[in-house]
Amino acid sequence: MNPSPPPFAVVIPARFGATRLPGKPLIEIAGQPLIRHVWECARRSQARQVVIATDDPRIARVARDFGAEVVMTATHHRSGTERIAEASVHCGWPDELLLVNLQGDEPCMPPMLIDQVATLLGAEPRGDIATLSAPLTDARDWRNPNMVKIVTDQQGRALYFSRAPIPWPRDGGAEPSPPAGCVRHLGLYAYRAGFVRRFVQWPEAPYERLEALEQLRALWHGAWIQVAPALVPPGPGVDTPDDIARVLAYWRQTPP
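These numbers were taken from a predicted model, which means no experiment stands behind them.

Procedures and definitions
- Residues numbered from 1 in each chain as written.
- Predicted model: local features only at pLDDT ≥ 70, side-chain atom pairs only at ≥ 80, totals over all residues.
- Heavy atoms only, no water.
- Helix = DSSP H or I, 4+ residues; strand = E, 2+ residues; numbered from the N terminus.
- Rg over C-alpha atoms; globule rule 2.2 N^0.38 Å.
- Buried < 20%, exposed > 50% of the residue type's maximum accessible area, 1.4 Å probe, protein only.
- Contact = heavy atoms within 4.5 Å.
- Pairing = 2+ DSSP bridges.
- Right-handed = clockwise from strand over helix to strand, strands pointing away.
- Phe/Tyr/Trp six-rings, centres within 6.5 Å; stacked < 30°, edge-to-face > 60°.
- Lys NZ or Arg CZ within 6 Å of the ring centre and 35° of its normal.
- Salt bridge = Lys/Arg side-chain N within 4 Å of Asp/Glu carboxyl O.
- Core = buried A, V, L, I, M, F, W, Y, C linked by side-chain atoms within 4.5 Å.

**Quick look at the overall build of the chain**
Piece 1. On a plain count of helices and strands, the chain comes out with nine helices and 11 strands.
Piece 2. In terms of C-alpha radius of gyration, the chain reaches 18 Å, essentially the compact-globule figure of 18 Å for 256 residues.
Piece 3. Once the C-alpha set of the chain is aligned to its principal axes, its extents read approximately 55 × 40 × 40 Å.
Piece 4. Taking all 256 residues of the chain together, 53% fall into the buried category.
Piece 5. For the chain, the share of sequence-separated contacts (at least 6 apart) that also reach a separation of at least 24 residues comes to 68%.

Written out as structure tokens, the structure reads:
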């Protein structure tokens, strides 16, 4: 049984200008905007508060119409983490409050995983960030640069995140299968409000720029990232128009 998490809030960063799918938060899936489906996932978790953080009045208007709490943020943010840091200031959250970053394109995120990542960080007082992993068994996914891989130590503390296929067997063939224990990263984070406000002040790390993975900034500056296997498999996110069909198929098999 998953233990009850400590008090936490969920923040859903949402912007209109997605490169691959402009206006993504407002795309309708099964008669409702994508952002509402994500909000409903968060509402089914044990979060004490769920906030949508956006810089776009169109998203804000739609979100408020379906009853969401909305925080307007600046337009210059480069990441959802920066948007969450500003939202945490607007909301006046204390440094010790746990925040879960639920990305605005994850309409099939099981609420159990939202609770799990908050519980994971709450159980590790030395941790700065908690996140989840899932097994990688398909060689195509292992080599896919959009599928981020993680290597941890034996206690589950992250050593490195990469878009490359890691770990790599030295004597592997031309198209090796993922080695046993290879895992991918799920884009679900928990951190304390005070940490995320500090994190966005840190300079970018060289590996972060190279791989375009901001969690490498945290590792570069010595942060503790605790990783655990997801208790249940996550559903599909929405990055392209084709993903909408995958979401609908997932809901037919696993009703929200």
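That shown, we press on.
**Some words on the pairing of strand 5 (residues 69-72)**
Piece 1. Note that strand 4 (residues 49-54) and strand 5 share four bridges and pair parallel. Bridged to Thr54 within strand 5 is Met72.
Piece 2. The handedness of the strand 4 to strand 5 crossover, carried by helix 2 (residues 57-65), is right-handed.

**Side note on helix 1 (residues 34-43)**
Piece 1. In terms of residue burial, helix 1 counts as a mostly covered element, since seven of its 10 residues are buried.
Piece 2. Here helix 1 has its buried residues at Leu34, Ile35, His37, Val38, Trp39, Cys41 and Ala42.

**Details of the packing of aromatic side chains**
Aromatic ring pairs are defined here through the distance separating the ring centres and the angle between the ring planes.
Piece 1. This structure, assessed with the given rule, holds eight aromatic pairs.
Piece 2. A ring pair is formed by Trp39 and Phe66, whose centres lie 5.1 Å apart and whose planes are at 50°; its orientation type is tilted. Highlighted residues: Trp39 in helix 1 and Phe66 in the loop between helix 2 and strand 5, separated in sequence by 27 residues. We note that Trp39, like Phe66, is buried.
Piece 3. For the ring pair Tyr207 and Trp220, a centre distance of 5.7 Å and an interplane angle of 90° mean the geometry is edge-to-face. One end of the pair, Tyr207, is in helix 7 (residues 206-211); the other, Trp220, is in helix 8 (residues 215-220), and 13 residues separate them in sequence.
Piece 4. Positioned over the ring face of Phe16 is Arg58, at 3.6 Å from the centre of the ring.

**Notes on the pattern of salt bridges**
Piece 1. All chains considered together, the criterion is met by 12 salt bridges.
Piece 2. Arg140 is paired through a salt bridge with Asp138; the nearest N and O atoms lie 2.9 Å apart.
Piece 3. Among the residues examined, Arg140 registers a relative accessible area of 62% and is labelled exposed.
Piece 4. Here the salt bridges do not stand alone but share partners, grouping Lys24, Asp105 and Asp239 into one network.

**Concerning the nonpolar core**
As a rule of thumb, nonpolar side chains are buried together in soluble globular proteins.
Piece 1. In terms of nonpolar packing, the biggest core is built from 44 residues, with Val10, Ile12, Ile52, Val100, Leu102 and Leu132 touching the most fellow members.
Piece 2. Ranked by residues supplied to this core, first place goes to helix 4 (residues 111-122) with six residues.
Piece 3. Counting residues in hydrophobic clusters, the runner-up holds 30 residues, among them Ala85, Val148, Ala193 and Leu216.

**Quick notes on helix 3 (residues 80-90)**
Piece 1. When helix 3 is considered as a whole, its buried residues turn out to be Thr81, Glu82, Arg83, Ile84, Ala85, Ala87 and Ser88.
Piece 2. For helix 3, the secondary structure elements touched by its buried residues are strand 1 (8-14), strand 4, strand 5, strand 6 (98-102), strand 10 (183-192) and helix 6 (193-199).

**Focus: the environment of Ile84**
Piece 1. With respect to the element layout, Ile84 can be found in helix 3.
Piece 2. Judged by relative accessible area, which is 0%, Ile84 ranks as buried.
Piece 3. In this structure the C-alpha to C-alpha distance between Ile84 and Ala158, which are 74 residues apart in sequence, comes to 22 Å.
Piece 4. Those residues in contact with Ile84 that sit more than four places away from it in its chain are Val11, Pro13, Leu99, Asn101 and Tyr191.

**A closer look at the side chain of Glu124**
Piece 1. Within the secondary structure, Glu124 is located in the loop between helix 4 and strand 7 (129-135).
Piece 2. With a relative accessible area of 13%, Glu124 lands in the buried category.

**Quick look at the environment of Ala139**
Piece 1. Within the secondary structure, Ala139 sits in helix 5 (residues 139-143).
Piece 2. Separated by 39 residues in sequence, Ala139 and Pro178 have C-alpha atoms that sit 5.7 Å apart.
Piece 3. Those residues in contact with Ala139, other than ones at most four positions away along the chain, are Pro176, Ser177 and Pro178.

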